[in-house]
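The lines below spell out each chain.
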Amino acid sequence: MEGQLEQAKAILSQYGQEHLLRYYDTLPDESKRKLLKQVLQIDYARLNAIRGAIKPVTEEGLAGEHMAPMDGLSLEELTQEQRRNIEELGWTLLREGKVGAIVVAGGQGSRLGYDGPKGTYDIGLPSGKSLFQLQAERLLNLSGRAGRTIPWYIMTSPENHEETVRFFEASRYFGFPREHCRFFQQEALPALDEEGKIVMAAQDEIILAPSGNGDCFAALKRSGLLAEMKLRGLRWLFYYNVDNALVRVADPLFVGAAERGGHPLAAKAVEKSHPGEKVGILCWRGGHPAVVEYTVIPERVMNERDRSGKLVYGMGNVSMQLFRIDFIEKAADAELPFDMAHKAIPCIGGDGERIVPDRPNAYKFERFIFDAFPLADRITVLKVNREEEFAPVKNKEGADSPATARELTLALHRKWLLRAGAAEELLASRSVEISPLVSYAGEGLTPQVLRSLGL
Ligand SMILES: CC(=O)N[C@H]1[C@@H](OP(=O)(O)O)O[C@H](CO)[C@@H](O)[C@@H]1O
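Fair warning: this is a prediction, and the values are worked out from it, not measured in the lab. (Residues numbered from 1 in each chain as written. Predicted model: local features only at pLDDT ≥ 70, side-chain atom pairs only at ≥ 80, totals over all residues. Heavy atoms only, no water.)

J.: Could you give me a rundown of the overall build of the protein chain, with the residues and numbers involved?
T.: Within the protein chain one finds 16 helices and 20 strands. Compactness check: the protein chain gives a C-alpha radius of gyration of 24 Å against a globular reference of 23 Å for 455 residues, within 12% of the reference. Projected onto the principal axes, the alpha-carbon positions of the protein chain cover approximately 75 × 50 × 45 Å. Taken over 455 residues, the protein chain has a buried fraction of 52%. Sequence-distant contacts in the protein chain: of pairs separated by 6 or more residues, those separated by 24 or more amount to 75%. Accessible surface for the protein chain amounts to roughly 20,700 Å². Of this, 48% is attributable to carbon and sulfur atoms. Of the side chains in the protein chain, 57 bear a positive and 63 a negative charge, and the two mean positions are spaced by 4 Å. (Helix = DSSP H or I, 4+ residues; strand = E, 2+ residues; numbered from the N terminus. Rg over C-alpha atoms; globule rule 2.2 N^0.38 Å. Buried < 20%, exposed > 50% of the residue type's maximum accessible area, 1.4 Å probe, protein only. Contact = heavy atoms within 4.5 Å. Areas by Shrake-Rupley, 256 points an atom, 1.4 Å probe, with all protein chains shown as cover. Lys, Arg positive; Asp, Glu negative; His and termini not counted. Charge placed at Lys NZ, Arg CZ, Asp CG, Glu CD.)

Printed below as a string of structure tokens:
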């Protein structure tokens, strides 16, 4: 341990992070070992390089890059026949085993006040299903109809990996064939305080924060899963955030639209509900597809309206994308930029006491998935109805909360049932939830199914 301690001291003094060993001498041996291991694992030169390369998004910067609004294909503009043809193309790809799904699930439910991996959260539907279970069952529905299991890639973080895997084990993978369920971990990086010092979680522990969803391309490569995807002959990977209760995982219509579009990248979008809605905006930057995140959208851009009163930058990012495998390879090799997020992170202060801050006190380094978008020249954008596909679970209460997601889900199921011929008076006093194993998007609600539901 002596040699390691000397080595650690030398590195830390080179990078001005000596405070990490401030409590070292007072720690028990086991803690000493743990801390030394962490200190020696960090790549300080890389951390400095990341920090040095961060370019904040500014209004002037955006103007200089020729930011322009983006439009997309709207489902409503399609005829029944066009829609059927596009969907059939998607089904062909699913049947040929060319489509996989990837969920970025490295986050904890901290904004929800929930101490566990976000995907394990139960939004309070009558069935009590977790977000993961809803997603698994949608994939099972499509896999059954395609006659081919859609492989499911689950990105966790060092913070929640074990708990996530345990949850899947305990739930027997929700009936999903476990060999097609592949877990891999994103990277975690130290957080820095306002003076650039690495923040500590405890006297013997450095805070390592997940490096953002944009690490998924590099993480797929590191884990060997990208090579495996190629061997399997995958062509498209459906990417989504773990927190959308209505996500149509691997939607055949979207797959067909992406294939027909002929670009390496496709995104679903919704019209923003109001200028301040907390969604990124899909747009063009410097002639390339991009997303400007809601945290950095300049006021003027956010509020700009056209003559008819519509938001000019109104294409909300719903975090549902399709990446073609050649695009993933390119993104995995690109050094995607990092952003710096100012967050309130519990830590220990100078004299060793624990601090739970009520305002941002430290910076986390994150790569965003859409920072890879400019690697493509063109993009296929499909505008979808938010009531049918977008019920994000972000906050404990109010907008984008478990309550709104639950209401949206039940309202959609009610709409499906009415369309299938259920009597309105029977639904008036009941909330009926439809299992994704029975219906993926409102189809298959036969009179027999309605009868079995007592409708
Ligand atoms: C970095 C990132 O992926 N940001 C996404 C993501 O936001 P979060 O607030 O980070 O969950 O999901 C939003 C949709 O739910 C999307 O609009 C936004 O652009």
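Read on for the rest.
J.: Mind laying out the site of the ligand, listing which residues take part and the relevant values?
T.: Around the ligand there are 13 residues in total, and N213, E293, Y294, N317 and K394 lie nearest to it. Within the side chain of R111, a nitrogen or oxygen atom sits 3.3 Å from an oxygen atom of the ligand. A distance of 2.5 Å is found between an oxygen atom of the ligand and a side-chain nitrogen or oxygen belonging to Y294. When the free accessible area of the ligand is taken as 440 Å², the share hidden by the protein chains comes to 90%. Taken together, the residues that form the shell around the ligand break down as five nonpolar, five polar and three charged. (Near = heavy atom within 4 Å. Polar contact = N/O pair within 3.5 Å; in protein donor to acceptor, adjacent residues only side chain to side chain. Nonpolar A, V, L, I, M, F, W, Y, C, P; charged D, E, K, R; others polar.)

J.: How would you explain the nonpolar core if you had to name every residue and give the values?
T.: Counting residues in hydrophobic clusters, the biggest one holds 46 residues, and the most contacted among them are L139, W152, F168, C181, F238, Y240 and L322. Apart from residues no more than four positions distant in its own chain, L139 is found in contact with A101, I150, W152, F176, V249 and A250. Among the nonpolar cores identified, the runner-up in size contains 37 residues, and C216, L225, L234 and A267 belong to it. (Core = buried A, V, L, I, M, F, W, Y, C linked by side-chain atoms within 4.5 Å.)

J.: Just give me the short version of the pairing of strand β19 (residues 362-366), but keep the residues and values in it.
T.: When you tally the buried positions in β19, you get four out of five residues, the bulk of the element. Relative to β19, strand β16 (residues 339-343) runs antiparallel, the two sharing five bridges. Looking across to β19, one finds that K343 is bridged to A362. (Pairing = 2+ DSSP bridges.)

J.: Outline the sheet that holds β19, listing residues and values.
T.: With antiparallel pairing, the three strands of this open sheet are ordered in space as β7-β19-β16. Only two strands of the sheet have a single neighbouring strand rather than two, namely β7 (192-193) and β16. When β7 meets β19, the two strands line up antiparallel, connected through two bridges. If you follow L192 over to β19, its bridge partner there is Y363. Contacts from helix α3 (residues 44-53) reach β7, β16 and β19 within the one sheet, and its direction differs from that of β19 by about 90°. (Axes fitted to C-alpha atoms, helices over the stretch in contact; angles between N-to-C directions.)

J.: Give a description of the confidence of the model for the protein chain that names residues and reports values.
T.: In this model, the protein chain carries a mean pLDDT of 94, and residues with pLDDT of at least 70 account for 100%. Interface confidence for the predicted complex, given as ipTM, is 0.99, next to a pTM of 0.94. (pLDDT = per-residue confidence, 0-100.)

J.: Give me the lowdown on helix α14 (residues 402-419), citing residues and values where you can.
T.: With 18 residues, α14 should cover 26 Å at 1.5 Å per step; its first-to-last C-alpha distance of 26 Å lies within 8% of that length. Restricting attention to buried positions, one finds in α14 the residues P402, A405, T409, L410, L412, H413, W416 and L417. Seen from one end, α14 has its buried residues packed into an arc of 155°, which puts them on one side. Residues of α14 that are exposed and angled more than 90 degrees away from the buried face: E407 and R419. Considering only its buried residues, α14 is in contact with α13 (386-389), α15 (424-428) and α16 (447-452). (Expected span 1.5 Å × (residues − 1). Arc of directions from axis to C-beta.)

J.: Before we move on, could you go through the pattern of salt bridges and cite the residues and values that matter?
T.: Considering all chains together, one arrives at 30 salt bridges under this definition. In this structure, the salt-bridge partner of E169 is R178, at a minimum N-O distance of 2.6 Å. Look at E169 and you get partly exposed, because its relative accessible area is 38%. Since its relative accessible area comes to 46%, R178 is described here as partly exposed. The salt bridge involving D215 is made with R367; its shortest N-O contact spans 3.7 Å. (Salt bridge = Lys/Arg side-chain N within 4 Å of Asp/Glu carboxyl O.)

J.: Before we move on, could you go through the packing of aromatic side chains and cite the residues and values that matter?
T.: Inspection of the entire model under this criterion finds 19 aromatic pairs. Between the aromatic rings of F217 and F323, the centroid separation amounts to 5.1 Å while the plane-to-plane angle is 75°, which identifies the pairing as edge-to-face. Of this pair, F217 sits in helix α8 (residues 216-222) while F323 sits in strand β15 (residues 315-324), and the two are 106 residues apart along the sequence. Taken together, F132, W152, F167, F168, Y173, F174, F176 and F183 form an aromatic cluster joined through their ring pairs. (Phe/Tyr/Trp six-rings, centres within 6.5 Å; stacked < 30°, edge-to-face > 60°.)

J.: Got a sec to walk through empty space enclosed by the protein? Specific residues and values, please.
T.: Under the criterion given, the structure shown has one cavity of 30 Å³ or more. Lining the largest cavity are R138, L246, V247, R248, E388, L412, H413, W416, I434, P436, S439 and Y440. (1 Å grid on protein atoms, 1.4 Å probe; cavity = no way out; pocket = protein on both sides within 12 Å on 5 of 7 lines; lining within 4 Å. Points joined across faces, edges and corners; volume = space filled by probe spheres on them.)

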